[in-house]
Amino acid sequence: MIPQVLDTSVCCRPFPAMTADLTRRTLLRLGGATALALLGLDRRFAAEPPAAGLLPVGFGPLVADPAGVLDLPAGFRYVVVSRTGDAMADGLLVPGAPDGMACFAGVDGTLRLVCNHELRPEHAKVGAFGADQARFANIDRARVYDAGDGMRPALGGTTTMIVDAASGACRKQWLSLAGTWNNCAGGPTPWGSWITCEEATQRVGTTDAGVLVARDHGYAFEVPAAADGLVEPLPLTAMGRFRREAIAVDPASGAIYQTEDAKDGVFYRFLPTQPGHLRAGGRLQALRIRGYAKPDTTNWKAKDIAVGRELAVDWVDVADPSDRTAAQATAAGAHIFTRGEGCWYDHGVVWFACTDGGAAFKGQIWRYQPSAVEGTPAEREQPGRLTLFVEPDDGALLENVDNITVAPWGDVLGAEDNASPGSSPENRLIGITPSGAIYPLVSTTLSEIAGPCFSPDGRWLFLNIQAGVTIAVTGPWPKRP
């Protein structure tokens, strides 16, 4: 049984003895200046030469959770918000595989969480309708994007939770998008909605795991945070059909940036005809680096792009957004970004992750600075700028980064999905300072961490453990400098 709350404020754990077989990951669990001094990481990642002495980085050692759920620094605590299999307000069950997520302000002291569920047809045991799918008969079929053969629908989608802003407890939860496929990540919009992304490209008329596919998949769908039931499942077809992982919206231009989880994927930009009204259509493009001759940015065989190097970019049009978008883009000169994952906008910057970039396939995080005239002809003279932010090539520091967010104090947070050979059983949420210093924030051995996001007031950090738990973490968070 998972306890509702773990408070580590009165707990402590001694540092491990310094032995010859002390691992780099153990050192990183120490956190702060101790780990950085032992590893010399301040010099490896700092943008400027370090001042005399070492400044603390992070929040100190992670304290082991007696329940084995989530290790946190001392002074922090967690609350279990939701569990897979619990009954929801609509008579359905909390679906499994919670993934990307965002938090929005609610009313009367509440918050609203919109959460993806990365489910496929073979996952009926943890679907919203029960293992026998019997509860599917109780929902409006007109609100299901792909009902399959009428008895076995596509099981992906989203749930919405109303959360008490003071306690972190869930007051109510329901299915808010139904009948989609493998909803992995997505992103919030400035106008109060969640864009959920299908990491799948099944075609109508085919079968998958023995289940009929009744609609094309590979689309983004919009879920207003304020909606109180199942939303109308309308695919945003102009944004492209591909293995979409996540999106981020630039409120200045209205542009939407999109990642693609494929080794030959590209980094997309969607310029809506009417910013904020995505169903009105728009223009799909892909990023091209000016003056860079190689076709990809993977750094697998050589350090072709150095950490910290700033690159000017162009954007090429994708003529047909309905199929083979990456192939069209690369044929027009766009560059490959291997396995694009998390994507987040913060203070004028778009951050995105490539989960197996770098020579050790451990991951990269990129920083894109949109042009002051983004999406207009004038950006030819004032191009946007791309920078490789971190690429440590060391799993003890960062291992297969997936979802990302930006903390209220300005650090980038990356959730690990340990999938490469030799990975540790731990999955962590890693913090990265603006100068590139890396520290562990939370850790679990249950499964991948996903969906990190903060409440608008910065009090709560929400995250998912894909084994089936949504968690709220609070503690002495710093403020932005």
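That block above? That's the structure.
Fair warning: this is a prediction, and the values are worked out from it, not measured in the lab. Residues take numbers from 1 onward in each chain, read along the sequence in its written order. Per-residue local features are limited, in this predicted model, to residues with pLDDT of at least 70; the limit for side-chain atom pairs, both in listing and counting, is 80 or more; totals at the level of whole chains, interfaces and linings are taken over all residues. Excluding hydrogens and water, the side-chain figures rest on all heavy atoms present in the structure.

Participant: So, the packing of aromatic side chains: which residues are in play, and what are the values?
Facilitator: Aromatic rings from Phe, Tyr and Trp, taking only the six-membered ring of Trp, are treated as a pair when their centres fall within 6.5 Å; an angle between ring planes under 30 degrees marks them as stacked, one over 60 as edge-to-face, and anything in between as tilted. Counted under the stated rule, the structure contains 23 aromatic pairs. Taking 5.5 Å as the distance between ring centres and 55 degrees as the angle between the ring planes, the aromatic pair formed by Y257 and Y368 counts as tilted. Of this pair, Y257 sits in strand β15 (residues 256–260) while Y368 sits in strand β21 (residues 364–369), placing them 111 residues apart in sequence. You'll find Y257 and Y368 in the same group, each marked buried. Taking the centre distance of 4.9 Å and the plane angle of 65 degrees together, the rings of W351 and F389 count as edge-to-face. You can see W351 sitting in strand β20 (residues 349–354) and its partner F389 sitting in strand β22 (residues 385–390), a full 38 residues away along the chain. Grouping residues by exposure puts W351 and F389 together as buried. Put simply, DSSP H or I for four residues or longer makes a helix, DSSP E for two residues or longer makes a strand, and each gets a number counted from the N terminus. Each residue gets one of three labels from its accessible area relative to the maximum for its type: buried under 20%, exposed over 50%, partly exposed in between, using a 1.4 Å probe on protein chains only.

Participant: Break down the pairing of β22 for me, citing the residues and quoting the values.
Facilitator: Along β22, five of the six residues are buried, which leaves the element largely enclosed by surrounding structure. Pairs of strands are assigned from DSSP output, requiring at least two bridges between the strands. In terms of strand pairing, strand β18 (residues 310–317) meets β22 through three bridges, oriented antiparallel. From the neighbouring strand, L311 faces β22, where its bridge partner is L386. Pairing between β21 and β22: five bridges, direction antiparallel. Bridged to R367 within β22 is T387.

Participant: Kindly report on the nonpolar core, identifying the contributing residues and their values.
Facilitator: In terms of nonpolar packing, the biggest core is built from 30 residues, with L113, W351, I365 and F462 touching the most fellow members. For this core, the secondary structure elements donating two or more residues are β4 (77–83), β5 (98–105), β6 (110–117), β7 (156–164), β20, β22, β23 (401–406) and β25 (427–432). Note on contacts: a residue pair qualifies if any of its non-hydrogen atoms lie within 4.5 Å across the two residues. Beyond its immediate chain neighbours, meaning those up to four positions away, I365 contacts W351, F352, A353, L388, F389, V390, L398, V401, I404, V412 and I432. Take the buried Ala, Val, Leu, Ile, Met, Phe, Trp, Tyr and Cys residues and link them wherever side-chain atoms come within 4.5 Å; each set so joined is a nonpolar core.

Participant: Which residues make up the sheet that holds β7, and what are the values?
Facilitator: Either a parallel or an antiparallel arrangement is found when strands of a sheet pair, and the pairing is made through backbone hydrogen bonds. Spatial strand order, β5-β6-β7-β8: four strands in an open sheet with antiparallel pairing. Edge positions in the open sheet fall to β5 and β8 (170–180), since each of these has one partner strand only. Across the sheet, the mean angle separating the axes of adjacent strands is 20 degrees when strand polarity is ignored. Note: β6 against β7, eight bridges, orientation antiparallel. Residue pairing for β7: N116 is matched across the bridge by T158. In this analysis, axes come from line fits to C-alpha atoms, helices being fitted only over the stretch in contact, and the angle between any two N-to-C directions falls in the range 0 to 180 degrees.

Participant: Go over the pattern of salt bridges with me, naming the residues and quoting the values.
Facilitator: Salt bridges, as used here, are contacts in which a Lys or Arg side-chain nitrogen is within 4 Å of a carboxyl oxygen on Asp or Glu. Tallied over the entire structure, the rule returns 22 salt bridges. Linking D164 and R171 is a salt bridge whose minimum nitrogen-to-oxygen distance equals 2.8 Å. Where K362 meets E399, a salt bridge forms, and the shortest distance between an N and an O atom there is 2.7 Å. You can see K362 sitting in the loop between β20 and β21 and its partner E399 sitting in the loop between β22 and β23, a full 37 residues away along the chain. Summarising the burial analysis for this pair, K362 and E399 share the class buried. In this structure, a network of salt bridges that share partners links the residues R203, D216, R241 and D323.

Participant: Would you mind going over the pairing of strand β27 (residues 449–454) in detail, with residue names and values included?
Facilitator: Most of β27 is tucked away: six of the six residues are buried. In this sheet, strand β28 (residues 461–465) lies alongside β27 in antiparallel orientation, the contact comprising four bridges. Across the sheet, residue F454 finds its bridge partner in β28, namely L461. Hairpin connection between β27 and β28: a loop of six residues separates the two successive antiparallel strands, and G458 in this loop has a positive phi of roughly 80 degrees.

Participant: Outline the sheet that holds β25, listing residues and values.
Facilitator: Within the open sheet, the four strands sit side by side as β23-β24-β25-β26. Their pairing is antiparallel. This sheet does not close on itself; its edge strands, each paired only once, are β23 and β26 (438–444). With direction set aside, neighbouring strand axes in the sheet form an average angle of 25 degrees. For strand β24 (residues 412–416) and β25, the ladder comprises four bridges, and the chain directions are antiparallel. When the bridges of β25 are listed, V412 appears paired with I432.

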